[in-house]
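Residues per chain are reported as follows:
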Amino acid sequence: VTVTTRLLVSHLSGIRHYEKDIAKVKEEKEKANRALRLTKPHQDKEQKEKEGKGVEKTDSVKPRKEHESETKSQNSKPGRRDKEFEQEEYYLKEKFESVIESLKIFKNDPLFFKPGDQFLYSTYGFTLLSAVVERASGQKFTDYMLKIFRDLDMLSTVLDDNEAMIYNRARCYVYNKKGRLVNAPYVDNSYKWAGGGFLSSVGDLLKFGNALLYSYQASQFKSSAGKLLPGYLKADTVAMMWSPVPKTEVSWDRDGKYAMAWAVVEKKQQCGCCRQQRHYASHTGGAVGASSVLLILPEELHSEAAGARPGAPPRGVVVTILCNMQSVSLNSTALKIAREFDKEKRAQ
């Protein structure tokens, strides 16, 4: 088989995640699919009833059933234990000197399916991707990434190195089996730099989000002097990164599909007076003792008006939340915040 970088970045490679037992992975997928099939008829019925009553559903109103799973996770009791964090490899303490060396963890394991056939979120797929970046750039992956962070003025974004003295490093917390708050256990993330080995701040992640949004929109604007600086990435590159990839899925938003290292929701409205989906890109993060989200809601621009529009990109809303607590669902909260700011901007 052939595994391409595009398959890796969209989690279609077939490389395993933390769970080594393919039977358990298939069982979890079947459970999720059954739950979705059971929920779908209720969604359709609710949709028809509301349409029949003439109730308008805007993008700020979510059908109850559709986001039931997120609501459950938000309202769950303190001390809930995420099954994913029961995997032993989350708690590795071995220090790896390079991303090439860390490939030994999974390189001899069988693929779970033929590359391109199915979606399976895989941190180790991104470990292999970091090795590709290392070989292509001719630099250590960590050096290459730190240079990018400097370019983007993300001076607080560093390697999650236990030995280094990092100013304002937050302490991380988890709930133990008795539901009590305790310090997160010691782990060494050098085995997965690309999949969860960096420390950052809210300010730096906002810079990162704005840099992507600027790149996405820069070609649609003309500055008064005609000298608008180019984006860090080409507009076509970001558009490609934010285009849904077939056969993918997103656990934290059922409206979405996975793209290239991002989850995306496309602009959509099936019928008049029905719920509107706005185009946005996001990604959540989960680590031992921490949770995060970065969400980008681009402003809807009309090509003929963009050139005459005052101001310059980025235009839209960027929301980021960092939480030093494990297994906290943050995407729906970030989306609500983004929609409120977007609503206020459109009302002006």
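Residues numbered from 1 in each chain as written. Predicted model: local features only at pLDDT ≥ 70, side-chain atom pairs only at ≥ 80, totals over all residues. Heavy atoms only, no water.

Going by what an unreviewed UniProt entry lists, the protein is known as LACTB protein and is assigned to Smithornis capensis.

Next up on the list: helix α6 (residues 141–151). Buried within α6 we find Phe 141, Thr 142, Met 145, Ile 148 and Phe 149. Around the axis of α6, the buried residues are gathered within 120 degrees of arc, so they sit on the same side. Elements that come into contact with the buried residues of α6 comprise α4 (99–102), α5 (123–137), β1 (158–159), α7 (193–196) and β4 (198–199). Once α6 ends, the next one or two residues include Asp 153, with phi positive near 65 degrees. (Buried < 20%, exposed > 50% of the residue type's maximum accessible area, 1.4 Å probe, protein only. Helix = DSSP H or I, 4+ residues; strand = E, 2+ residues; numbered from the N terminus. Arc of directions from axis to C-beta. Contact = heavy atoms within 4.5 Å.)

Moving on: a nonpolar patch on the surface. Together, Val 1, Val 3 and Leu 111 make up a nonpolar patch on the protein surface, roughly 260 Å² of accessible area in all. Within the secondary structure, Val 1 is located in the segment before α1 (5–9). (Patch = residues over 30% accessible without salt bridge, like charges linked within 9 Å, V, L, I, M, F, W, Y side chains within 5 Å. Areas by Shrake-Rupley, 256 points an atom, 1.4 Å probe, with all protein chains shown as cover. Salt bridge = Lys/Arg side-chain N within 4 Å of Asp/Glu carboxyl O.)

An order of β5-β6-β7-β8-β9 is seen for the 5 strands of this open sheet, with the pairing classed as antiparallel. Lying at the two open borders of the sheet, with one neighbouring strand each, are β5 (257–258) and β9 (316–323). Two strands pair when backbone bridges link them, and strand β6 (residues 263–265) and strand β7 (residues 280–287) are joined in this way by 3 bridges, in the antiparallel orientation. Paired with Ala 263 across the strands is Ser 282, a residue of β7. Sheet strands in contact with helix α8 (residues 202–217) are β8 (290–298) and β9, and its direction is about 150 degrees off that of β9. Where helix α11 (residues 331–347) meets the sheet, its contacts fall on β7, β8 and β9, and the angle it forms with β9 comes to roughly 150 degrees. (Pairing = 2+ DSSP bridges. Axes fitted to C-alpha atoms, helices over the stretch in contact; angles between N-to-C directions.)

Here the focus is the packing of aromatic side chains. Scanning the entire structure with this criterion turns up 11 aromatic pairs. An aromatic cluster of three or more residues is present, and its members are Tyr 18, Phe 85, Tyr 90, Tyr 91, Phe 106, Tyr 124 and Tyr 191. (Phe/Tyr/Trp six-rings, centres within 6.5 Å; stacked < 30°, edge-to-face > 60°.)

Compared with the 22 Å implied by 1.5 Å per residue over 16 residues, the 22 Å span of α8 between its first and last C-alpha is a close match. Asp 204, Leu 205, Gly 209, Ala 211, Leu 212, Leu 213, Tyr 214, Ser 215 and Gln 217 are the residues of α8 that are buried. Where α8 is buried, its residues touch α9 (235–241), β8 and β9. (Expected span 1.5 Å × (residues − 1).)

What follows deals with the nonpolar core. Among the nonpolar cores identified, the biggest contains 42 residues, and Tyr 124, Leu 212, Trp 242, Trp 262 and Ile 296 are the most heavily contacted of them. Those elements that provide at least two residues to this core are α1, α5, α6, α8, α9 and β8. Each of domain 1 (1–33 + 82–197) and domain 2 (200–347) accounts for three or more of the residues forming this core. Among all residues touching Trp 242, those that are not within four sequence positions of it are Leu 212, Leu 213, Tyr 216, Ala 259, Trp 262, Val 264, His 279, Ala 281, Ile 296 and Pro 298. Of all hydrophobic cores here, the second largest spans 12 residues; its members include Tyr 280, Leu 295, Leu 297 and Val 317. (Core = buried A, V, L, I, M, F, W, Y, C linked by side-chain atoms within 4.5 Å. Domains from an automatic or database assignment.)

Below, the discussion takes up the environment of Gly 209. The topology assignment puts Gly 209 in helix α8. Overall, Gly 209 belongs to the buried group, its relative accessible area being 0%. Taking C-alpha positions, Gly 209 is 9.8 Å from Leu 297, a pair spaced 88 residues apart along the chain. With near-sequence residues (within four places) excluded, Gly 209 lies in contact with Leu 294, Ile 296 and Val 318.

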